[in-house]
Amino acid sequence: MKPKVDEQTAISADNRRQHMRYPKIIISIAAVASFALVAAVQAATSGVTASEIKFGETMPYSGPASAFAGAGRVHAAYFKMLNDKGGIDGRKLDLISLDDAYSPPKTLEQTRKMVEREGVAFIFGSLGTTPNRAIAKYLNKRGVPQLLIGTTATGFADPKSQPWTLGSMPTGEIEAQIYAKYILQTKPNAKIGVLYANDDVGATYLAALKEGLGDKAKNLIVAEASYELTDASVDSQIIALKAKGADVLFDTAHPKFVVQAIRKVSDLEWKPLHIVVNTSSSIGMTLQPAGLDRSTGIVSAQYLKDPSDPQWADDPAMKQWLDFMKQYDPQGNTKDYMMVLATTQAQLLEHILKTAGTDLSRENIMRQALSIKDLQMPLLLPGVTINTSTADYHPIEQMQMMRFDGTKWQLFGDVLSR
């Protein structure tokens, strides 16, 4: 059973061959407007048969955010593993994973293809803020679940305007407010410089930091510098922030630009409290390319177990994850915690589909996704749980601070919420 792969995808030949070994899920349902109509449409669910469930995602296998492409391969690997074990209640999972090059028009094109031509039951795990923004209205209008998407943008947690869209990560708003608490506690007279992308995510981090700092924000934030994803470098932005006298660098950039920022900060012999957002804190993807010695002292926050952290070496869940990666994604980077996030997304979808039972209508799948209470996942940090409801579309609202010591991240303090 082979997944359908867009002929234009930019996945390498080796990855394409690996991808074609991965599963397939089928679900077919007539679009409906209300969860209350489940019984009437249950027999006509799009993409679902007695033997399969079909769903889709878009990933930046090419383009400026291709550093995150491994998440799609981990998703496929996890569902391949489930299929090898018999699937979910006897149904095999068919994941269609298409390249969108992190281009919103391409995301919409690929998503429409999966919904209208392939007849997927739902969209799962698609990565990126602007790509997900491009398809949210389309999916919500058609009543197609947009589940566990990969973005920290706050605007997706909106049950009124986007009831079919659910994230999977702490939003930038939650994370930035946690950092604001930390700054106020440890450097109440800080001079903060902010580096952020000129997009929805960057704007979210900046606005939430100001909200978390409250009436002190105007005095504490001394400089802001934005960049475009197409920029070659952020060196000039780092120079400008240092020139403003900042002693705290709140760095919300994508991994590629965080690498550049760390190097430039070091070259300038600037010694700010350097705060890097969670999505760019990977040792393997960010700190090693930047230089571990240059990265020493950087602060971030976490909600997942970091596979590069020796404290989890004997953790049963981490051992099981490493065994899974070795067998099903041997080329995957097991030092990159983003691969742990991708696994957790897949595990959470498995939980949702299992709790849906025999009713795999889009309505019931969404209902189960919004009925999670105090769920402990094996790869989340102790004390971090998943909770959702029809009024709360934020699955994870807790994080713990951590500091890089030159070889590993060291967690410190209590698990915090905004």
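Trainee: Before we go on, may I ask you to explain the packing of helix α9 (residues 235-243) against helix α10 (residues 255-267) in this structure?
Mentor: For any two helices packed against each other, the geometry is given by the interaxial angle and the distance between the axes. At a minimum axis separation of 9 Å, α9 and α10 run at an interaxial angle of 50°. The angle between α9 and α10 falls in the class oblique. Taken as a pair, α9 and α10 cross one another with a handedness that is right-handed. Across from D235, I238 and I239 in α9, the residues of α10 making contact are Q260, A261, K264 and V265. Here the contact of α9 with α10 is composed, by residue class, of four nonpolar, one polar and two charged.

Trainee: What should I look at first to understand the pattern of salt bridges in this one?
Mentor: Side-chain pairing between opposite charges can occur once the charged atoms of the two side chains come close. Going through the model one piece at a time under the given rule, you end up with eleven salt bridges. Two residues, D84 and K80, come together in a salt bridge whose shortest N-O distance is 3.0 Å. In this pair, D84 and K80 are both assigned in helix α3 (residues 70-84), four residues apart and thus about one turn of the helix distant. The residue D374 makes a salt bridge to K373 at a minimum N-O spacing of 4.0 Å.

Trainee: Would you mind going over the packing of aromatic side chains with me for this structure?
Mentor: By convention here, two paired aromatic rings are described through the distance between centres and the angle between planes. Scanning the model with the defined rule gives twelve aromatic pairs in all. An angle of 75° between the planes, with centres 5.7 Å apart, marks the rings of Y78 and F324 as edge-to-face. Taken together, the residues span a long stretch of sequence, with Y78 in helix α3 and F324 in helix α13 (residues 316-328) at a distance of 246 residues. On the basis of relative accessibility, which here comes to 6%, the residue Y78 falls in the buried class. The buried category is assigned to F324, whose relative accessible area is 7%. Feature note: the residues F55, Y78, F79, F122, F124, F324 and Y328 constitute an aromatic cluster, connected by ring pairs. When the ring centre of F156 is taken as origin, the NZ or CZ atom of R133, which lies over that ring, is 4.5 Å away.

Trainee: Would you mind going over unusual backbone geometry with me for this structure?
Mentor: If a residue is not glycine, its phi is most likely negative; likewise, a peptide bond is most likely trans. Despite not being glycine, D89 has its phi angle at roughly 50°, a positive value. Mapped onto the secondary structure, D89 falls in the loop between α3 and β4 (92-99). Although it is not a glycine, D374 sits at a positive phi angle of roughly 50°. Its place among the elements puts D374 in the loop between α15 (362-369) and β13 (398-404).

What counts, and at which threshold
- Residues numbered from 1 in each chain as written.
- Predicted model: local features only at pLDDT ≥ 70, side-chain atom pairs only at ≥ 80, totals over all residues.
- Heavy atoms only, no water.
- Axes fitted to C-alpha atoms, helices over the stretch in contact; angles between N-to-C directions.
- Helix = DSSP H or I, 4+ residues; strand = E, 2+ residues; numbered from the N terminus.
- Parallel < 35°, antiparallel > 145°, perpendicular 65-115°, else oblique.
- Left-handed = near helix turned anticlockwise from the far one by under 90°.
- Contact = heavy atoms within 4.5 Å.
- Nonpolar A, V, L, I, M, F, W, Y, C, P; charged D, E, K, R; others polar.
- Salt bridge = Lys/Arg side-chain N within 4 Å of Asp/Glu carboxyl O.
- Phe/Tyr/Trp six-rings, centres within 6.5 Å; stacked < 30°, edge-to-face > 60°.
- Buried < 20%, exposed > 50% of the residue type's maximum accessible area, 1.4 Å probe, protein only.
- Lys NZ or Arg CZ within 6 Å of the ring centre and 35° of its normal.

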